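Examining the three-dimensional arrangement
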Amino acid sequence: MESNEKISIFNRLNLQGATFHKFQYMSEKRINNALISVYFKDKLDEIVRILDELNVRIYSTGGTYSFIQNMGINAETVESLTTYPSILGGRVKTLHPSVFGGILGRRSNDEDLRQLTQYNIPEIDLVIVDLYPFEDTLKSTDNEEEIIEKIDIGGISLIRAAAKNFNDVLVISSRDQYGKLIELLREKKGTTSLAERKYFAAEAFKTSSGYDTAIFGYFNQTAGIDVFRESINTAYPLRYGENPHQKGMFYGDTGKFFDKLHGKEISYNNFLDIDSALSLIDEFHETTYVVIKHNNACGAASRPDPSDAWKDALACDPVSAYGGVIATNVPVGDEVAAEIDRIFFEIIIAPGFSDKAFEILSQKKNRIILRRKEKAVNLFQFRSLLDGVLWQERDLSTEMAGDMKPVTPKVPLPAETDDLVFANKIVKHSKSNAIVLARNKQLCASGIGQTSRVDALRQAIEKAHTFGFDLNGAVMASDAFFPFSDSVEIAHKAGITAIVQPGGSVRDQDSVDYCSSNNVAMVFTGKRHFKH
């Protein structure tokens with residue numbers, strides 16, 4: 001019985017890697033009775049016709065029964081099993097021993113079979129359920145009564161019961177599985193193996209656990225129970241993880257953020273850089289280009305003209321820009337595309353591309369081109385470590401001019417204030433310890449990921465000089481306070497004339513006094529922006 005035909009169905013069901021024993025092929029079960037209770041009826045007609053062709057008796061509920069009858073196919077109501085009508089406005093239809101007994105009855109257990117016979121309960125071999133769309137309802141309304149009524153009770157119970165008894169019952173728990181069921185029914189003529197039933201049982205518990213997680217999340221918005229629950233059903237396979245010897249996967253819906261128009265598959269490291277690029281570019285409202293490398297900005301500039309914004313962003317560090325990720329908040333036109341195409345980069349993200357721009361940029365087959373959608377921001381972040389999860393609110397604080405409190409006699413000039421706001425946005429999205437130097441809304445250099453703030457500053461100054469930037473009149477942003485005055489002294493001697501920092505050190509006054517004595521403007525924001 002171990003034919004190529006039977007093995008092929010496992011492959012098409014994505015069952016590669018499972019262990020199949022000979023007894024599993026010998027455990028073929030024929031579907032004689034099916035229970036169908038679904039919310040969405042798309043593609044259900046094809047399933048019903050196949051079941052009818054296979055002489056499967058169909059039991060169904062409410063709207064599903066009417067749907068099947070309108071197809072001209074015979075079905076029996078669940079009420080014919082329970083002898084009770086649907087009650088409480090449809091809240092109770094299938095919750096009855098005559099239904100659940102037929103699903104949970106163990107065909108290998110003589111006592112179970114005796115009781116099924118005693119109470120005239122038919123064995124149910126196939127259960128097809130599509131749950132009330134709770135998550136879709138959440139997205140479409142704030143009406144609590146409507147939301148609560150979309151919490152499925154009978155359907156979720158049917159799914160769990162059928163999945164528990166996978167030895168004898170095949171369960172289809174979502175319309176997303178209809179295609180696989182149709183294929184299975186056509187190829188196997190109404191029989192299923194233990195391996196197939198167990199696979200769909202796993203799918204069923206995936207469905208039920210995700211559904212319950214969404215419901216808990218809704219209630220916990222006000223309950224505030226300190227427990228971590230997250231369920232993501234969409235998976236994006238990666239070629240590998242951070243390194244080629246590591247497996248990798250992205251769980252999430254990229255379609256909320258962008259459409260992939262061209263290029264190779266997005267890698268693990270690409271995803272990290274894309275996230276960094278989108279987080280940074282979303283800080284800006286005026287025309288801006290940013291270049292990201294290893295999750296940090298190596299180029300950024302805001303200009304009225306997109307071409308100037310790109311050229312000045314690239315000028316920050318053209319060496320690091322090689323192989324980087326480019327993001328902009330304006331559509332890419334012909335001229336800018338031609339300039340961008342002159343360097344090697346992996347990804348470009350923009351809200352749109354002219355036809356000519358896309359033609360230019362897509363000439364390299366591996367180059368990833370992403371069309372940005374509207375901003376979609378999760379309010380929370382979490383990461384795994386120590387066999388647990390760290391959770392926090394996302395840092396959504398962006399300090400503007402009115403949030404910057406002068407603490408020195410000299411206050412920043414209007415142009416310096418604009419640069420301080422610009423630099424502070426970038427330092428917020430740079431790995432700590434971080435220092436950003438900027439002038440005329442252009443990133444001059446940054447020092448990132450250093451173990452001391454002085455080292456970060458020295459790194460930034462050296463890099464700025466390497467690429468020919470004059471720091472006289474430039475500004476400095478720090479992601480955290482200065483514990484000593486050494487950093488502001490070094491910055492002043494390099495030409496910095498204005499500094500933004502959160503403040504909060506017990507020795508803040510040392511830095512303030514140095515700036516006050518040397519005609520350097522300093523402002524406090526009161527907001528630290530560590531990023532690790």
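Preceding block: the structure.
Now for a quick tour of the structure. (Residues numbered from 1 in each chain as written. Predicted model: local features only at pLDDT ≥ 70, side-chain atom pairs only at ≥ 80, totals over all residues. Heavy atoms only, no water.)

1. So, the overall build of the protein
Test applied: Numbering of helices and strands runs from the N terminus, with a helix taken as a DSSP run of H or I at least four residues long and a strand as a DSSP run of E at least two residues long. This radius of gyration counts C-alpha atoms alone. The globule rule is 2.2 Å times how many residues there are, raised to the power 0.38. Only protein chains enter the accessibility calculation, which uses a 1.4 Å probe; a residue is then buried when its area is under 20% of its type maximum, exposed when over 50%, and partly exposed in between. Should any heavy atoms of two residues lie within 4.5 Å, those residues are counted as being in contact. Computed with a 1.4 Å probe, the accessible areas rest on the Shrake-Rupley method; for each residue, only the protein chains presented here act as cover. Residues scored as positive are Lys and Arg, those scored as negative are Asp and Glu, and His as well as the terminal groups of each chain are ignored. Working definition for charges: the position is that of NZ of Lys, CZ of Arg, CG of Asp or CD of Glu.
When its secondary structure is counted, the protein shows 20 helices and 23 strands. On C-alpha atoms alone, the protein measures out to a radius of gyration of 31 Å, which is more than a quarter above the 24 Å that the 2.2 N^0.38 rule sets for 532 residues. For the protein, the spread of C-alpha atoms along the principal axes amounts to about 95 × 50 × 40 Å. A total of 532 residues make up the protein; the buried ones form 48% of that total. In the protein, the share of contacts with a sequence separation of at least 24, taken over all contacts with a separation of at least 6, comes to 58%. Carbon together with sulfur atoms contributes 50% to the accessible area of the protein, which is approximately 26600 Å² in total. Of the side chains in the protein, 61 bear a positive and 71 a negative charge, and the two mean positions are spaced by 4 Å.

2. Considering helix H10 (residues 154–164)
Of all eleven residues in H10, eight are buried, a share of seventy percent or more. In this structure, the buried side of H10 is in contact with strand S2 (33–38), helix H6 (97–104), strand S5 (126–130), strand S6 (170–172) and helix H12 (194–223).

3. Here we look at the sheet that holds S6
What counts here: Following DSSP output, two strands are said to pair if at least two bridges run between them. Axis angles are defined between N-to-C directions and span 0 to 180 degrees, where every axis is a line fitted to C-alpha atoms and, for a helix, only to the segment in contact.
With respect to topology, five strands assemble into an open sheet ordered S4-S3-S2-S5-S6, the strand pairing being parallel. Each edge of the open sheet is held by one strand with a lone partner, namely strand S4 (76–77) and S6. Direction of pairing for S5 relative to S6: parallel, over a ladder of three bridges. If you follow Ile128 over to S6, its bridge partner there is Ile172. Its contacts with the sheet put helix H3 (residues 44–53) on S2, strand S3 (57–60) and S5, and the angle it makes with S2 is roughly 165 degrees.

4. Remarks on the packing of H3 against helix H11 (residues 178–188)
This is how it is decided: For classification purposes, angles smaller than 35 degrees are called roughly parallel, those larger than 145 roughly antiparallel, those between 65 and 115 roughly perpendicular, and all remaining angles oblique. Two helices cross in a left-handed way if the nearer one is turned anticlockwise from the farther one by less than a right angle. They cross in a right-handed way if the turn is clockwise. Only Asp, Glu, Lys and Arg are considered charged, only Ala, Val, Leu, Ile, Met, Phe, Trp, Tyr, Cys and Pro nonpolar, and every remaining residue, Gly among them, polar.
Where H3 contacts H11, the axes come no closer than 10 Å and their chain directions differ by 20 degrees. Considering their axes alone, H3 and H11 lie roughly parallel with respect to each other. Between H3 and H11 the crossing geometry is left-handed. Of the residues in H11, those in contact with Leu44, Glu46, Ile47, Ile50 and Leu51 of H3 are Tyr178, Leu181, Ile182, Leu185 and Arg186. Taken together, the residues that form the contact of H3 with H11 break down as eight nonpolar, no polar and two charged.

5. Structural notes on the packing of aromatic side chains
How we decide: Geometry of aromatic contacts follows a simple scheme: Phe, Tyr and Trp rings, the Trp one being its six-membered ring, pair when their centres are within 6.5 Å, and the pair is stacked under 30 degrees between planes, edge-to-face over 60, tilted otherwise.
For the structure on display, the rule yields 13 aromatic pairs. Taking the centre distance of 5.4 Å and the plane angle of 80 degrees together, the rings of Tyr218 and Phe219 count as edge-to-face. According to the relative accessible area criterion, Phe219 is partly exposed, its value standing at 41%. On the numbers, 5.6 Å between centres and 50 degrees between planes, the contact of Phe284 with Phe422 is tilted. Within this pair, whereas Phe284 is found in the loop between helix H13 (268–281) and strand S11 (288–293), its partner Phe422 is found in helix H17 (residues 414–428), the two being separated by 138 residues in sequence. Judged by its relative accessible area of 5%, Phe284 falls in the buried class. A network of ring pairs unites the aromatic residues Phe134, Tyr211, Tyr218 and Phe219 as a single cluster.

6. Looking at the nonpolar core
Applicable threshold: What makes a nonpolar core is a set of buried Ala, Val, Leu, Ile, Met, Phe, Trp, Tyr and Cys residues whose side-chain atoms join them at distances within 4.5 Å.
Grouped together as the largest cluster of nonpolar side chains are 39 residues, with contacts concentrated most on Ile266, Ile274, Ile349, Leu370 and Ile426. What Ile274 contacts, discounting residues up to four positions off in sequence, is Phe258, Ile266, Ile347, Ile349 and Leu370. Of all hydrophobic cores here, the second largest spans 28 residues; its members include Ile124, Val127, Leu131 and Tyr218.

7. Brief notes about the layout of surface pockets
Using the following cut-off: Cavities and pockets were defined on a 1 Å grid built from protein atoms only: a cavity is a group of points that admits a 1.4 Å probe but offers it no way out, a pocket is an open group of points flanked by protein on both sides within 12 Å along at least five of seven lines, and a lining residue is one with an atom within 4 Å of any such point. Grid points are joined across faces, edges and corners, and a volume is the space filled by probe spheres set on the points.
Its volume calculated, the second largest pocket comes out at about 470 Å³. Taken together, 27 residues make up the lining of the second largest pocket; nearest its centre are Gly90, Arg91, Lys93, Tyr132 and Asp152. Those elements that provide at least two residues to the lining of the second largest pocket are S2, helix H4 (62–70), S5, helix H9 (144–149) and H10. A breakdown of the residues in the lining of the second largest pocket according to their chemical character gives eleven nonpolar, ten polar and six charged.

8. With respect to the packing of helix H19 (residues 486–494) against helix H20 (residues 508–517)
Viewed as axis vectors pointing N to C, H19 and H20 meet at an angle of 25 degrees, and their least axial separation amounts to 9 Å. Comparing the axis directions of H19 and H20 gives the class roughly parallel. Viewed along their axes, H19 and H20 form a crossing whose handedness is right-handed. Side by side, H19 and H20 meet where Val488, Glu489, His492 and Lys493 of the first sit next to Ser511, Tyr514 and Cys515 of the second.

9. Things to note about the environment of Lys29
Our working rule: We define a polar contact as two N or O atoms separated by no more than 3.5 Å, with the added condition that, inside protein, one atom must be a possible hydrogen donor and the other a possible acceptor, whereas residues neighbouring each other in sequence contribute only through side-chain atom pairs.
Tracing the chain through its elements places Lys29 in strand S1 (residues 29–30). Since its relative accessible area comes to 27%, Lys29 is described here as partly exposed. Setting aside its immediate chain neighbours within four residues, Lys29 contacts Arg107, Asn167, Asp168, Gly190, Thr191, Thr192 and Arg197. Here Asp168 takes part through its side chain, which lies 3.0 Å from a polar atom of the side chain of Lys29.

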